[in-house]
Each structure stands twice: as structure tokens, then as C-alpha cells.
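Residue-level structure breakdown
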Amino acid sequence: MRRPLLLSAMKPRLLAGAFTRHVVVLGLLIACCAGIIAPASGAGGRWDLLQRSVGVSAMHMQLLRNDRVIIFDRTDFGRSNLSLPGGRCRRNPRDRVLPVDCTAHSAEYDVASNTFRPLSILTDTWCSSGTVAPDGTLVQTGGWNDGYRNARTMPACDAGDESCDWTETQDALAANRWYATNQILPDGRAFIIGGRRQFSYEFYPKAAPSDTAVIQMPFLAQTRDPEENNLYPFVHLNIDGNLFIFAKNRAILFDYKRNRIVRRYPELAGGDPRNYPSSGSSVLLPLKPNPTEAEVLVCGGAPAGSYNSTRGKDGAFVPALATCGRIRITDAAPAWVIETMPLPRVMGDMILLPNGAEVAIINGAMDGTAGWECAKTPAYAPVIYRPDNSPGDRFEKQSSTGIARLYHSSALLLRDGRLLVGGSNPHVYYNFSNVQFPTELSLEAFSPDYLDPSNDMLRPRILDPSPTGAPTSVTYGAPMTLQFSVPAAGRKERGGGLGALSVTMVAPSFTTHSFAMNQRLLLLEVTKTAALPDRAGAFKASVTMPATAVLAPPGYYMLFVVNGHVPSEGIWVHIQ
């Protein structure tokens with residue numbers, strides 16, 4: 001069921017200022033419901049303003065299993081627009097701007113109630129990274145200044161627990177990690193790679209407090225140029241257990257257990273950079289059941305030299321890249337296939353949609369690069385990419401927002417199928433006046449066309465396990481039974497409503513700086529389906545969980561039943 005999208009009262013006080021989908025033909029449904037209702041188009045999706053201000057700009061966002069989103073910014077710019085509760089203040093003599101600060105730099109957003117509350121961070125989280133541990137705890141690492149080597153954890157808080165907050169471990173990392181990337185591994189640890197002037201990687205948590213190992217990675221030094229352009233490298237866990245790592249315009253397949261490069265991929269055609277500050281974005285495309293191949297998509301970025309060209313009073317803003325590169329990383333002789341988006345984009349976010357057939361490309365600019373005051377033409381319109389469509393028919397421009405989402409904006413998928421969008425602060429400090437693009441403290445939701453009311457009769461509703469219940473525990477390779485209904489399938493006079501079924505499982509992402517870390521979507525094998533005899537329009541499906549932690553690292557996932565291209569509201573499952 002979709003959440004209400006109206007603005008609601010705020011709790012805290014604000015201060016002034018080409019894979020083929022796994023299709024199951026449901027013979028029992030066709031027998032009782034002749035024909036299929038074609039899905040209706042939502043004409044490019046819909047935008048809704050959720051909060052005019054949460055007091056904190058959403059540089060980083062992570063959805064947790066309690067359907068709350070952890071939002072945080074940096075701490076070194078002075079006061080935010082959100083007070084800490086009870087007159088509390090952050091006292092940090094190492095803060096370079098405000099050693100005594102009574103405002104919050106993190107917030108917890110409750111999706112169901114559309115409310116938020118302040119959270120407390122001590123040291124600087126500027127341009128950091130994160131994963132969600134197998135137990136559902138957000139593990140955030142690095143930052144700047146006094147936060148370079150710190151690790152912070154944020155649990156999925158119980159309802160009503162206002163004392164639930166961040167905890168911080170000083171010097172938990174072995175190297176400074178500022179603009180680094182995290183990727184969860186099959187054993188539940190985080191692989192942490194790169195950062196400014198850090199051509200290395202490490203693992204977290206550590207085996208012991210004495211573990212200070214930092215392992216050098218020459219590939220990062222080799223891909224650095226005078227503008228850097230290799231920060232926040234794109235990392236994806238391949239189906240063979242190795243890591244696909246992309247930096248600037250080149251990629252490797254890396255065996256992190258043996259510290260060796262397994263293969264080197266061709267340079268992405270054109271040679272232009274795709275990583276920060278020439279920030280493109282990347283996804284591992286949805287994986288089939290029992291996959292034997294995997295594909296990566298890299299879109300957008302900026303031509304070489306774009307960042308330096310924006311500097312100074314007379315800076316020039318070079319048009320962003322409009323190309324995407326797609327590569328099957330499991331091929332014996334992999335090659336990039338180049339595609340062209342409807343518009344150029346830098347600083348875009350790429351989010352896998354729960355129907356397993358679409359990728360949203362959202363936020364960013366059409367010129368310039370990441371960085372303060374480094375772009376001037378916002379990309380207001382998202383684009384949907386459909387990897388199964390024929391080349392030349394994969395992109396579709398969507399409805400535009402009215403809010404610029406430039407540097408330090410973010411987006412992520414919610415369990416109801418909407419995209420939560422926030423952030424944008426292209427200034428050194430919070431700046432709300434006398435600038436073309438003020439600091440953004442608002443939250444919006446983008447609803448893709450599958451959420452259009454014209455599709456409501458086609459939308460599955462999971463009945464069991466209950467979407468409002470506790471997460472369902474599952475194990476690798478094990479069966480799981482789902483019960484769901486489809487309104488149109490229970491109304492014979494409507495001509496049916498269901499002829500193809502798929503079930504997807506999505507890992508929620510840690511999104512920052514145009515990369516949704518740890519994002520992953522798997523299509524599950526559907527082994528059996530049947531109509532429920534005592535309820536019209538209701539059905540039972542048996543699915544098989546992914547076979548190994550290499551395919552689905554342990555933790556919490558959102559599971560969706562998909563009718564054609566229309567997904568249900570998801571349920572949480574915990575695989576281990």
C-alpha cells in the first residue's frame with residue numbers, strides 16, 4: 001500500500017534560516033481469468049514534496065530494516081537548521097568551525113509517518129562511506145579531519161526509542177578514508193578502498209584491535225590524474241566472488257583474498273573520466289536466478305579537464321558526458337557497448353527499481369563537475385533505462401522536479417517502490433540567500449510510472465509474510481512461500497490481470513556522491529505457483545533463495561512480487 005505523501009508536522013524544532021526476466025506463466029490464472037490487462041503509463045512518473053526541511057542536507061542516506069532512513073551531512077560547516085534535543089550540544093575542540101555546536105548533523109527519517117528526529121555525530125563525516133552489517137546495523141567509516149579513521153554505527157532503532165543514536169569508535173581504521181568506497185563481502189565484512197591520497201584498501205571490522213594492515217593497490221595510483229578523477233571508485237561484487245573495480249576510465253577484476261588482479265578490462269571508449277570529481281554513476285545490472293553472467297553499467301561523467309575549467313572567476317562549465325558504457329564482466333573477451341542518454345549528466349544517481357527491469361538515473365547537472373560551485377545547469381528530469389529493451393529504445397525521459405539536486409545530493413529506493421531524493425549543497429557552508437542554487441534541506445519522493453493509480457488493479461499485494469510484520473528469516477538455497485493477491489485477477493469481468501510473475505530481492509544502498517554502494521538486485525527462481533481456492537485473486541508462489549553469500553551477502557533485503565512491470569510493496573527478509 002502506498003504511503004500518504006502529504007506534508008506532516010515535524011517532531012523536532014527547526015531553527016530559523018540485456019538480461020531476460022524470469023517469467024512464470026500462471027496456467028491456473030489464465031484458466032480462470034482470460035486475457036491480461038496491459039499496464040498503464042504514468043506519463044513519466046510523479047514528484048511529491050515530503051518535507052520542506054529536515055534541517056540537515058542529505059549528503060549521505062541509508063534505508064534500514066525498520067523503514068527509517070539515516071541521513072547525515074558533514075559537521076565542519078557550522079550550525080545546521082536542526083536543534084539537538086534537550087539543550088544538548090556537541091563539544092569538540094578539534095572542530096575547525098564550531099567547537100560547541102547545539103545543532104544536529106544527522107537525522108532519522110521515518111518513512112511511514114513522514115517525520116524525523118535529530119541524531120548526534122561527534123566527529124566529521126564529510127564525504128565518507130558505509131555498509132549495513134549482516135545484523136542490520138549501519139556501519140559508516142571515515143570522513144575528514146578528526147573523522148578520517150573513525151567508524152560509527154547506527155542501529156535500526158525500535159519504535160519510540162528516542163535515545164537510540166550513533167556510537168563512534170576513534171581510530172578504528174588503519175588509514176585515512178576520505179572519498180572512499182565500501183563494499184560488503186560474503187563474510188559480512190566491509191572492503192574499504194581508496195580515498196584522497198590513499199592508494200590502498202583494508203577491511204572492517206578488524207580481526208583484532210592490533211590489526212593495522214593497509215594493503216597497497218597500485219591500480220588506484222595509476223588511474224589518478226591532475227584532477228584526481230578516481231575517488232569514490234565503483235565497486236561491485238561479481239558472481240565469482242571477485243570484485244569489479246572501476247576508477248577513472250578503467251576497470252579490473254580483483255581477487256581480494258589473494259591481493260591480485262584477475263583480469264584487466266578494456267578502457268571505456270573515449271577515455272573521459274567517470275569518477276569523482278567527474279562523477280558519473282554505476283550499477284551492477286539485475287542478476288538472473290542462478291546467474292552465469294553479470295553486467296555493469298556506467299553512465300555520465302565529465303570530459304577530462306572539466307573540473308579545472310570551472311575554477312576561478314571566469315570558469316567555464318563544460319557539458320557533461322551523455323554516454324553510458326555497458327559491459328558483460330563475465331565474458332571471456334569483454335567489451336564495452338556505448339549507449340547515449342537523452343541528456344548529458346554528471347553527479348547523477350543510478351538506482352535499481354524493484355521490478356527488475358528498470359534503472360532510474362536521477363539528480364545531478366548537465367554541465368560542470370562535482371565540487372563547490374562547479375555546475376550551473378541542473379538535470380531536473382530523471383531518465384529510466386530498460387536494459388532488456390532493444391538498443392536505441394532503452395532510455396525514457398521522465399517528469400521533471402522543480403528542485404535542483406546538484407553536488408552533495410542523494411537518492412535511494414524505499415520499500416513502497418518510491419525513490420527518496422534529498423540533499424544538494426554546492427557551497428562551502430549552508431547558504432540560503434543570494435545564490436542561484438541555495439542549500440537544499442528538503443526531501444522529495446519520485447514515484448515511477450508503476451506507482452501510477454492506473455496500475456493499482458495490477459499491483460500485487462503480499463499477504464504472507466505480512467509487510468507490516470517482522471522481517472522473515474531465510475537461508476541460502478532454501479525455499480520460501482509467498483501468498484499475494486492481485487485485484488484485477490479477482491474480477492473476471494475485468495479480463496484477468498496477471499499472466500507473468502517475477503520475484504525480486506533488493507539490497508538497500510548506502511548512497512553518496514553519485515554512487516549507491518552495496519546496491520544489488522536478484523531475480524529469484526519461482527518454482528511453483530497456484531491459486532488460493534478460498535480467496536478470489538489470491539495466489540501462492542514458491543521461490544528459491546540465492547544459493548550462496550557470494551550472490552547475496554548476508555543481511556536484510558527488500559523482497560517484491562512483480563506483475564509484469566508492476567511491483568508490490570516489499571517485505572523485509574533477512575538472509576544468513
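Preceding this section is the structure that the text describes.
Okay, so let's go over this structure.

Calculation criteria
- Every chain is numbered independently, its residues counted from 1 as its sequence is written.
- Given that the model is predicted, a residue must reach a pLDDT of at least 70 before its local features are reported, and side-chain atom pairs must reach 80 or more before they are shown or counted; all residues, however, enter totals for whole chains, interfaces and linings.
- Side-chain metrics rest on all non-hydrogen atoms present in the structure, leaving aside hydrogens and water.
- By definition, any uninterrupted DSSP run of H or I lasting at least four residues is a helix, any uninterrupted run of E lasting at least two residues is a strand, and each is numbered from the N terminus.
- Atoms considered for the radius of gyration are the C-alpha atoms alone. The globule rule reads 2.2 Å times the number of residues to the power 0.38.
- Here the accessible surface of atoms and residues is derived via Shrake-Rupley with a 1.4 Å probe, and residues count as covered only by protein chains that are part of the display.
- The convention is simple: Lys and Arg are positive, Asp and Glu are negative, and His and the chain ends are not counted.
- Charged groups are reduced to one reference atom each: NZ for lysine, CZ for arginine, CG for aspartic acid, CD for glutamic acid.
- The cut-offs for exposure are 20% and 50% of the maximum accessible area for each residue type, with area from a 1.4 Å probe on protein chains only; residues under the lower value are buried, those over the upper are exposed, and the others partly exposed.
- Here, residues are in contact when the closest pair of their heavy atoms is within 4.5 Å.
- Each reported salt bridge corresponds to a side-chain nitrogen of Lys or Arg within 4 Å of a carboxyl oxygen of Asp or Glu.
- By the convention used here, strands pair only if DSSP detects at least 2 bridges between them.
- Fitted lines through C-alpha atoms serve as axes, helices being fitted only where they are in contact, and the angles separating the N-to-C directions of these axes extend from 0 to 180 degrees.
- Nitrogen and oxygen atoms within 3.5 Å of one another constitute a polar contact, given that in protein one can donate a hydrogen and the other can accept it, and given that sequence-neighbouring residues count only through two side-chain atoms.
- Two rings from Phe, Tyr or Trp (for Trp, the six-membered ring) form a pair when their centres are within 6.5 Å of each other. A pair whose planes differ by under 30 degrees is stacked, one over 60 is edge-to-face, and the rest are tilted.
- Both a distance and an angle decide whether a charge sits over a ring: NZ of Lys or CZ of Arg must be within 6 Å of the ring centre and within 35 degrees of the ring normal.

Quick look at the overall build of the chain now. Along the chain, the regular secondary structure elements total 3 helices and 43 strands. Computed over the C-alpha atoms, the radius of gyration of the chain is 23 Å, within 12% of the 25 Å expected from 2.2 N^0.38 for a compact globule of 576 residues. As displayed, the chain has an accessible area near 20,200 Å², and 52% of this comes from carbon and sulfur atoms. Looking at charge distribution, the chain has the averaged site of its 55 positive side-chain charges lying 1 Å from that of its 50 negative ones.

This part is about the environment of Ile-261. When you line up the elements, Ile-261 lands in strand β20 (residues 260-264). For Ile-261, a relative accessible area of 29% gives the class partly exposed. Counting along the chain gives 207 residues from Ile-261 to Thr-468, while the straight-line C-alpha distance between them is 45 Å. Dropping the residues within four chain positions of it, Ile-261 is found in contact with Ile-252, Leu-253 and Phe-254.

Once that is clear, we can look at the pattern of salt bridges. Going through the model one piece at a time under the given rule, you end up with 28 salt bridges. A salt bridge links Arg-177 to Glu-202; its shortest N-O distance comes to 3.0 Å. In this pair, Arg-177 is assigned in the loop between β12 (167-169) and β13 (181-184) and Glu-202 in strand β15 (residues 200-204), connecting sequence segments 25 residues apart. An identical accessibility class is assigned to Arg-177 and Glu-202; each is buried. Close ionic contact of Glu-293 with Arg-328 constitutes a salt bridge, the shortest N to O distance being 3.5 Å. Highlighted residues: Glu-293 in the loop between β21 (281-284) and β22 (295-299) and Arg-328 in strand β23 (residues 323-328), separated in sequence by 35 residues. With a relative accessible area of 25%, Arg-328 lands in the partly exposed category. Here the residues in one salt-bridge network are Glu-293, Glu-295, Arg-326, Arg-328 and Asp-331, joined through shared partners.

Let us now look at the pairing of strand β31 (residues 443-447). Each regular strand carries side chains that alternate between the two faces of the sheet. Most of β31 sits inside the fold, with 5 of its 5 residues counted as buried. For strand β2 (residues 46-51) and β31, the ladder comprises 5 bridges, and the chain directions are antiparallel. Within the sheet, the bridge partner assigned to Asp-48 lies in β31 and is Ala-445.

Further remarks concern the sheet that holds strand β17 (residues 234-237). Judged by pairing direction, the sheet is antiparallel, and its 4 strands sit side by side in the order β17-β18-β19-β20 without closing on themselves. Where the open sheet ends on each side, the last strands, each with one partner, are β17 and β20. Neighbour-to-neighbour, the strand axes of this sheet turn through a mean angle of 30°, independent of strand direction. When β17 meets strand β18 (residues 243-247), the two strands line up antiparallel, connected through 4 bridges.

Turning our eyes to something else, we now look at unusual backbone geometry. A cis amide bond links Tyr-276 to the next residue, Pro-277, at an omega of 10°. Residue Asp-464 is joined to Pro-465 through a cis peptide bond whose omega torsion reads 0°. Relative to the assigned elements, Pro-465 resides in the loop between β32 (461-464) and β33 (472-474). Phi is positive for Asn-145, close to 60°, though the residue is something other than glycine. The residue Asn-145 is located in the loop between β10 (138-141) and β11 (151-154) in this model. Look at Asp-171: it is not a glycine, yet its phi comes out positive at around 55°. Note on placement: Asp-171 falls in the loop between β12 and β13.

Relative to the helices and strands, Arg-394 resides in the loop between β27 (383-385) and β28 (395-397). Arg-394 sits in the buried class, given a relative accessible area of 8%. Separated by 3.1 Å, the side chains of Arg-394 and Glu-339 make a polar contact. At a separation of 2.7 Å, a polar atom in the side chain of Arg-394 contacts the main-chain carbonyl oxygen of Asn-389.

Another point: the sheet that holds strand β25 (residues 349-352). Consider a sheet: its strands pair through backbone hydrogen bonds, and that pairing is either parallel or antiparallel. Read from one edge of the open sheet, 4 strands run β25-β26-β27-β28, paired in antiparallel fashion. A single partner strand is all that each edge strand has here, and the edge strands are β25 and β28. Each strand axis lies, on average, 25° off the axis of its neighbour in the sheet, ignoring direction. For β27 and β28, the ladder comprises 3 bridges, and the chain directions are antiparallel. Following the sheet pairing, Val-383 is matched in β28 by Lys-397.

What follows concerns the packing of aromatic side chains. Enumeration over the complete set of coordinates arrives at 27 aromatic pairs. Each residue in the set Trp-126, Trp-144, Tyr-148, Trp-178, Tyr-179, Tyr-232, Tyr-276, Trp-372 and Tyr-407 is aromatic and connected to the rest through ring pairs, giving one cluster. A cation over a ring is seen here: Arg-74 above Trp-126, with NZ or CZ 4.6 Å from the ring centre. The ring of Trp-178 carries the charged tip of Arg-196 above its face, separated from the ring centre by 5.0 Å.

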